[in-house]
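Observations on chain architecture
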Amino acid sequence: MGAGVVVIVTVTLNAALDVTYRVDALAPGATHRVTDVRTRPGGKGVNVAAVLTQLGEPVTSTGFAGPELGARLPGFVPIAAESRRTVTVVAHEATVFTEPGPLIGDGEWRALLTRFDRLAAQARVVVLSGSLPPGLPDEAYARLIERCPVPVVLDTDGTALRHGITAGPALVKPNVDELTRLLGRKPDLPADCVSLGVPVAATLGAQGAVLATPDGVWRARPPAAVVGNPTGAGDAFTAALARGVAQQRPWPEVLADAVALSAAAVLSPVAGVYDAAAYQEFAGQVRVEEG
């Protein structure tokens, strides 16, 4: 990492081998002819890093990788157990099957902390994304945030999200379902985002997103309805947030860019990639409203 370069570090504690099947239609109990197969390293942080790379942003990634996945993720901490797989079946909509992940040992967690400290010391922003694999404490992300010397963007769910918020990340990116689980009820937006006490960028699917910070509250929607594979849209949104925080751009500008990029990602057949032409088109069309 060269001096003066804005570097973003992504951490994927539960990386996966992503398999995407495309079929004409999905019917329970039926045999399906797969028309296209894509296999690649995945997990939310891996997808964020892939989008940042496509954007031309310097990015470094780490996390845990089992023997099969480790060859594809050389910057990751090797673990004894095999990494999980995720299977996405794309017909008119995407259906996703996710495994829980491998059991992480104490020594493997310590090795990750050592690597994290070294990378974070050279970073401008750190992104912590995805679920926690078995064997890690619920406070794993909170511990990483507490020891991180730079702003952290956190995208996770459940107890990991709850504990992570208490550690004071620079920005949290839940979707509506994750907010609902966190609050135990349907969220009241943007009031519930403000009540969390940290900046929150909540994604609302086709309705766009809400960004609540101490500086203000903003809403934005994609300029047009997009149909495709939404599984990587949230990770593209997170990538745009991380870039915006790294570059210290104004919050409304960060939100507009994130909405445009996530909409362009829906048009990609696999997570971690976005439609570059659509992104250029959408980027000038997203309107941000305050309040």
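So, here's what we can say about the structure. Just so it is clear, the model here is predicted, and its values are computed rather than measured.

Attention now goes to the side chain of R84. Here R84 shows up in strand β6 (residues 84-90). D18 is the oppositely charged side chain nearest to the buried, salt-bridge-free R84, at an N-O distance of 6.2 Å. Polar contacts involving the side chain of R84 include one to the main-chain carbonyl oxygen of N14, which spans 2.8 Å. With residues up to four places along the chain from it excluded, the contact list for R84 reads N14, A15, A16, L17, G43, T98, E99, P100, G101, P102 and S131.

A few words now on the packing of helix α9 (residues 251-266) against helix α10 (residues 276-283). The contact between α9 and α10 brings their axes to 8 Å, and the two run at 150°. The hand of the α9/α10 crossing is right-handed. When α9 is examined against α10, the residues D257, A260, L261, A263 and A264 are found in contact with a partner set consisting of A278, Y279, F282 and A283. Looking at side-chain class alone, the contact of α9 with α10 contains eight nonpolar, no polar and one charged residues.

Moving on: the environment of R124. Within the element layout of this structure, R124 appears in the loop between α3 (106-120) and β8 (125-129). C-alpha separation for the pair R124 and G158, spaced 34 residues apart in sequence, amounts to 27 Å.

This brings us to a nonpolar patch on the surface. Side chains of Y21, V34 and V37 sit close together on the surface and give an oily, nonpolar patch of about 220 Å² of accessible area. With respect to the helices, strands and loops of the structure, V34 is situated in the loop between β2 (16-22) and β3 (36-42). Taking relative accessible area as the criterion, V34 reaches 36% and is therefore assigned partly exposed.

The next thing to look at is the pattern of salt bridges. Under the definition given, this model contains 12 salt bridges. Notably, a salt bridge pairs K44 with D155, separated by 3.4 Å at the nearest N-O pair. Of this pair, K44 sits in helix α1 (residues 44-55) while D155 sits in strand β9 (residues 152-155); the two residues are 111 residues apart in sequence, bridging distant segments of the chain. Since its relative accessible area comes to 0%, D155 is described here as buried.

Before going further, it helps to examine the side chain of T12. You can see T12 is positioned in strand β1 (residues 8-12). Among the polar contacts listed, one links the side chain of T12 to the backbone nitrogen of G45, at a separation of 3.3 Å. The residues contacting T12, other than those within four sequence positions of it, are G42, G43, K44, G45, V46, T62, G63, F64, F76 and S129.

What counts as what
Residues numbered from 1 in each chain as written. Predicted model: local features only at pLDDT ≥ 70, side-chain atom pairs only at ≥ 80, totals over all residues. Heavy atoms only, no water. Helix = DSSP H or I, 4+ residues; strand = E, 2+ residues; numbered from the N terminus. Buried < 20%, exposed > 50% of the residue type's maximum accessible area, 1.4 Å probe, protein only. Lys, Arg positive; Asp, Glu negative; His and termini not counted. Salt bridge = Lys/Arg side-chain N within 4 Å of Asp/Glu carboxyl O. Polar contact = N/O pair within 3.5 Å; in protein donor to acceptor, adjacent residues only side chain to side chain. Contact = heavy atoms within 4.5 Å. Axes fitted to C-alpha atoms, helices over the stretch in contact; angles between N-to-C directions. Left-handed = near helix turned anticlockwise from the far one by under 90°. Nonpolar A, V, L, I, M, F, W, Y, C, P; charged D, E, K, R; others polar. Patch = residues over 30% accessible without salt bridge, like charges linked within 9 Å, V, L, I, M, F, W, Y side chains within 5 Å. Areas by Shrake-Rupley, 256 points an atom, 1.4 Å probe, with all protein chains shown as cover.

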